[in-house]
Every structure is written in structure tokens, then in C-alpha cells.
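This is what each chain is made of:
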Amino acid sequence: MRFEDSRSFSQNPRDPGFFNDPYPAYREMRSGGELFFWEDYGFWCCAAHKQVCALLRDKRFGRQILHVASREALGWPERPPHLAPFDAIERHSLLELEPPEHTRLRALVNRAFVSRHVERLAPSISALANGLVDGFEQERAADFIEAFATPIPVRVIAELIGAPADDSALLLDWSHKMVAMYQFEPTRADEDAAAEASLEFSAYVRHLIAERRRRPRDDLISQLIAAETNERRLSEDELVTTVVLLLNAGHEATVHAIGNSVKIILEHGLVARFAGAEERELAVMIDELLRFDPPLHLFTRYALEDLQIDGVAIRKGERIGLLLGAANRDPSVFAEPDRLDFARTPNPHIAFGAGIHFCVGAPLARLELNIALPILCRRLPALAFAETPRYRDAYHFHGLETLRVVW
């Protein structure tokens, strides 16, 4: 990593030294001022907490740009035809939309994540976590990501939405192939896999929707089918994209949050403390885990108009990178930010983002962490590393590839 000048920074996101521990690089990035130009990505970025929070809420920026400008006007080439299936899903994604479309879809989806709906999943999460430990406890060793961190979120979001738990492997495969499109410089093979997964995933969801139209159940798909707004119902394409998005986003980040949290617990010798934590204390501790090593480190926004930030001219259609992981270690907001501190209060971390795109599944993710981590620590009090954990080469997601443990 290096600064070429006071504003330009070079750091390959696929460098193992970086994606395994990006925090030293983040300290350098913050030293360059409010904005710095990340050469490898080719856009301006912000790593300071105050500015990241402000820009996440700034209406001059959006997750999409083509609602206010054409590709031709922006000087963009046409999208490759082979990405059409992937783009068809993205076109209606809640993550990519801006008001008023975002407002309408978000209002419908929010109904599934109100506290009374989320809290009723607690017994299922507890039973699932205990059942998983039952399954590998006698082995005395496991890859924790595969054996525990992954099954919990994918099965829970499947239950909430109404997908069969037995289809978890299919959902994971499609999700991983689609999410690969967000990593740094996806290959043509990544693109082809994402397109194929998009076709298969959307066909699968259309089949589920057809079933729920015939026989509604108490699940999110049935709720979305029945939901009405002041304008109109969800279109079929919007419904498909929303279900795909929730199945993808509903587990991907939470897998990393659980894995990263267990890594921190083991590094700091906190198994006994989590095993005996009371509910209120546990909530504070989990907030600090999320601040310390969050699962999502980079969000991007498009400038919706020409503007200036800190003396830097940003043209309409240009992207800006917002570094959540760096903002969570900003010393101007968090005293001794590289120290895990369970007495840290207040703790204004932005692991779940901010603004209109604040993570809709945050209550569910917190519930999963609140239940799964104490169960694991109580059931396996001798839990320890079997080898040094390795993070995935998948920046901007920040999660472990493996976490091999023994007990």
C-alpha cells in the first residue's frame, strides 16, 4: 500500500495481507484527508466515520444513477448481453433502488422484520444452534464456518421467507455465485456463473411464488403476495427480485458476522464470558464485536449531480466508496479503536449501514448472534483455534474462508 501523493492511494484489494487485516491500511487511508482516490478501484473514497455517516444519508448520492441519466450521457458502454439474467434481478433490487420505488418496496419488506415477527424465530434459532452442536460435538474438531456459522442464517432466512430448509445447499450455491459479482474485478467465469445462477434462482423463486398463490402460508412470500400499497401490488419481477435479495443478503453478511465474532472471542479468551453473559450485557458485547470486525467493509454510491466534497470535484455518475470497516475504527469517534472494549458506550458503529439503505435484516442478525454465540460458548467451553483463521479473497465482504477449531 502507498500514497502516491496526499490524495491518491494504491492498495490491491486481492492482496492477502490486506484482506486478512485491512485495518493498518485504513489508518493510512484516513490520513489522506476527508477523501482519497483509491487507484485500484478508480474512484474516490471516504474512510472517516463522520463523513461516511453523512454520505450514507446524503440525498445527492444514490445506489443507482440510471434513473436520472442514460448510459450514453454518462459515457458508459452497454452492458454485456451475457449478464442480462443477473441484471434482470438487479433492476428491481431493494439495495439498488432509490425513492419512490425504494420507499414502496421497503415498506412492504419491513413488515416481515418487525420485532414480533423476528422474535418468534428465537426458539427455532436456539433449536437449530443446539442441534448443530449435537451433530459435531463428539468430533472434537470442525471447520466452524461450514459446521455452524453458515447453516444458521441460511436456514433461518429460508424459514422466514418460506423456502424449504432442505434446499439450503441450492440457495447457498446460487447466492455465492451471484455475490461474487460484487468482489474486486470479477472474471468472465464469475460473470457466467452469476448469470446462470440468476436464471436458476429466479425460476426456483417463481415456482415458490406460484405455490403460495395456490396455498398461502404464514411466511414472507405469502405476505408479499397479499400486500397492497396505495399505488399497486408488487409486480411479479419485483417479487422475485425481493425474495432473491432477502435470501442472499439474509445470510451472507450474517455468516461472516458469526464467524468474525467467534474469531474475536477465541483471540481474546472470551468463551466463558459469553457463556455466562446476561441479555443486556450480551447486546452491548455484540455491538462491540460488530464494530471491531464487521462483515461488510465497502459500500458505493453514485453522485446524482455535480458536486464538491473537501475541494474534490465529483461529477454526476461518478462512484464514491464508503468504507464502513474503516469508519468503525476511526479514533476521532472511538477511543483506542483497535482495542476490544465491552464498556464502550455509546457505540455508534455503522456495521449495518445508515440512511434509507440501513440493513432491513439488522434485528434478525442481532437475534441470531444473541442466541447462537452463548449457546456455542456454553456447549463447547474448551473451544480453541486448530489453525490460524483465513479470510476470504472477497473484499468488500470481510469474512472467514475457514475457522478450524478444536475443543
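Structure first, text after, so check above.
So, how was this worked out
Residues numbered from 1 in each chain as written. Predicted model: local features only at pLDDT ≥ 70, side-chain atom pairs only at ≥ 80, totals over all residues. Heavy atoms only, no water. Phe/Tyr/Trp six-rings, centres within 6.5 Å; stacked < 30°, edge-to-face > 60°. Helix = DSSP H or I, 4+ residues; strand = E, 2+ residues; numbered from the N terminus. Buried < 20%, exposed > 50% of the residue type's maximum accessible area, 1.4 Å probe, protein only. Lys NZ or Arg CZ within 6 Å of the ring centre and 35° of its normal. Core = buried A, V, L, I, M, F, W, Y, C linked by side-chain atoms within 4.5 Å. Contact = heavy atoms within 4.5 Å. Pairing = 2+ DSSP bridges. Axes fitted to C-alpha atoms, helices over the stretch in contact; angles between N-to-C directions. Parallel < 35°, antiparallel > 145°, perpendicular 65-115°, else oblique. Left-handed = near helix turned anticlockwise from the far one by under 90°. Nonpolar A, V, L, I, M, F, W, Y, C, P; charged D, E, K, R; others polar.

Below, the discussion takes up the packing of aromatic side chains. Evaluated as defined, the whole model comprises 19 aromatic pairs. Ring plane angle 75° and centroid distance 5.9 Å describe the contact between F274 and F342, whose orientation is recorded as edge-to-face. Taken together, the residues F274 in helix α15 (residues 271–275) and F342 in the loop between α17 (324–327) and α18 (362–379) connect sequence positions 68 residues apart. Among the residues examined, F342 registers a relative accessible area of 13% and is labelled buried. Here the aromatic residues F9, F18, Y23, Y26, F36, W38, Y41, F43, F184 and Y395 are joined through ring pairs into a cluster of three or more. Looking at R329, its charged tip hangs above the ring of F292, at a distance of 4.1 Å from the centre.

This part covers the nonpolar core. F144, F148 and F274 are the most contacted members of the largest nonpolar core, which totals 99 residues. Ranked by the residues each element gives to this core, the list is headed by helix α14 (residues 236–267), at 14 residues. When residues no more than four places from it in sequence are discounted, the contact partners of F144 are A149, I258, G259, V262, L376, L403 and V405. With 23 residues, the next largest nonpolar core counts W44, V52, V312 and L324 among its residues.

Along a regular strand, successive side chains alternate from one face of the sheet to the other. Bridge count for strand β3 (residues 36–38) against strand β4 (residues 43–46) is three bridges, and the pairing is antiparallel. Bridge pairing in β4 links F36 to C45. In textbook terms, the turn of a hairpin is the stretch between consecutive antiparallel strands, and for β3 and β4 this stretch comprises four residues, one of which, G42, has a positive phi near 85°. In the sheet, β4 pairs with strand β10 (residues 319–323) via three bridges, with the strands oriented parallel. For C45, the partnering residue across the bridge sits in β10 and is G321.

Below, the discussion takes up the packing of helix α6 (residues 101–110) against α14. Packing of α6 against α14 brings their axes to within 12 Å, and their N-to-C directions diverge by 60°. Here α6 is positioned oblique relative to α14, judged by the angle of their axes. The handedness of the crossing between α6 and α14 is right-handed. Only E238, T242 and L246 of α14 make contact with α6, whose side of the interface consists of R104, L105 and V109. The residue inventory of the contact of α6 with α14, partitioned by class, reads three nonpolar, one polar and two charged.

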